[in-house]
Amino acid sequence: MIPLIRSELLKLTSVRAPWWTAAAQVPLFAMAASGAVVSGALTAEDLATEAGLRLLLSHGGVGAILSLCVGVLLGAGEFRHGTVLDTFLSEPRRERVVAAKLAVAGIAGLVIGMVMAVATVGVGLAWCTAKDVTMDWSVASRSALGIVAWQALFTVIGVALGAMLRSQAV
């Protein structure tokens, strides 16, 4: 399994599309969270409460749909480009190939999730500071852990969808 996982990691890191898709999450989140504050939906009084801060930080999950897309790219990309034949010739047991893709998706999802968690807490801290509100770090840490888990789960689900549907477009 280790060589298969290494191979899948190499495939993931050598293609630009998953990385650009993952990187697009940070500005998407920043715009969504900032839009909630700027529009007046979240006031300084709201940010001072646990529910208001949690609402601001919950925008960190907005980009999870892009993690799903990263998983689909990983799961269905070989079918799209025709390289799946080489993969199955080197390892004929499909369940091992899919298991390696799922493992790599979990790793990629954790990395994306950690980046998103840091970005979420950073943007939340910036808005709390701008509104002269003290940030509740227990809420922020729970939200960060949830974002990491959410991103990893969505990436793994994306691989499963890509492996079943075999089409990136679908």
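Small disclaimer: the values here were computed from a predicted structure and weren't measured. (Residues numbered from 1 in each chain as written. Predicted model: local features only at pLDDT ≥ 70, side-chain atom pairs only at ≥ 80, totals over all residues. Heavy atoms only, no water.)

Draft legend 1. Focus on the side chain of Thr21. Tracing the chain through its elements places Thr21 in helix α2 (residues 16–23). Since its relative accessible area comes to 17%, Thr21 is described here as buried. One polar contact links the side chain of Thr21 to the main-chain carbonyl oxygen of Ala17, over a distance of 2.7 Å. (Helix = DSSP H or I, 4+ residues; strand = E, 2+ residues; numbered from the N terminus. Buried < 20%, exposed > 50% of the residue type's maximum accessible area, 1.4 Å probe, protein only. Polar contact = N/O pair within 3.5 Å; in protein donor to acceptor, adjacent residues only side chain to side chain.)

Draft legend 2. Inspection of unusual backbone geometry at higher detail. Positive phi, normally seen in glycine, also occurs at Asp132, with a value near 55 degrees. Here Asp132 is to be found in the loop between α8 (94–130) and α9 (137–165).

Draft legend 3. Structural context of the pattern of salt bridges. Applying the stated rule across the entire model yields four salt bridges. Where Glu8 meets Lys11, a salt bridge forms, and the shortest distance between an N and an O atom there is 3.0 Å. In this pair, Glu8 and Lys11 are both assigned in helix α1 (residues 2–14), three residues apart and thus about one turn of the helix distant. For the salt bridge of Glu50 with Arg54, the shortest nitrogen-to-oxygen distance reads 3.3 Å. With a gap of four residues between them, Glu50 and Arg54 both fall in helix α5 (residues 50–57), about one helical turn apart. (Salt bridge = Lys/Arg side-chain N within 4 Å of Asp/Glu carboxyl O.)

Draft legend 4. Seen up close, the nonpolar core. Residues Leu53, Leu56, Leu57 and Met135 are the most contacted members of the largest nonpolar core, which totals 25 residues. Contributions of two or more residues to this core are made by α3 (25–38), α5, α8 and α9. Among the elements that make up this core, the one with the highest residue count is α8 (seven residues). In terms of nonpolar packing, the next biggest core, distinct from the first, is built from twelve residues, Ile5, Val84, Val97 and Val159 among them. (Core = buried A, V, L, I, M, F, W, Y, C linked by side-chain atoms within 4.5 Å.)

Draft legend 5. Just α1, in detail. In this model, α1 (13 residues) spans 18 Å end to end at C-alpha, consistent with the 18 Å of a helix rising 1.5 Å per residue. For α1, the set of buried residues is Leu4, Ile5, Glu8 and Leu12. Buried residues in α1, looked at end-on, bunch into an arc of 95 degrees, giving them a common side. The exposed set on the far side of α1, more than 90 degrees from its buried face, consists of Ile2, Pro3, Arg6, Leu10 and Ser14. (Expected span 1.5 Å × (residues − 1). Arc of directions from axis to C-beta.)

Draft legend 6. Focus on the environment of Thr13. Mapped onto the fold, Thr13 is located in helix α1. With 95 residues separating them along the chain, Thr13 and Ala108 place their C-alpha atoms 9.7 Å apart. There is a polar contact of 3.3 Å between the side chain of Thr13 and the backbone oxygen of Leu10.

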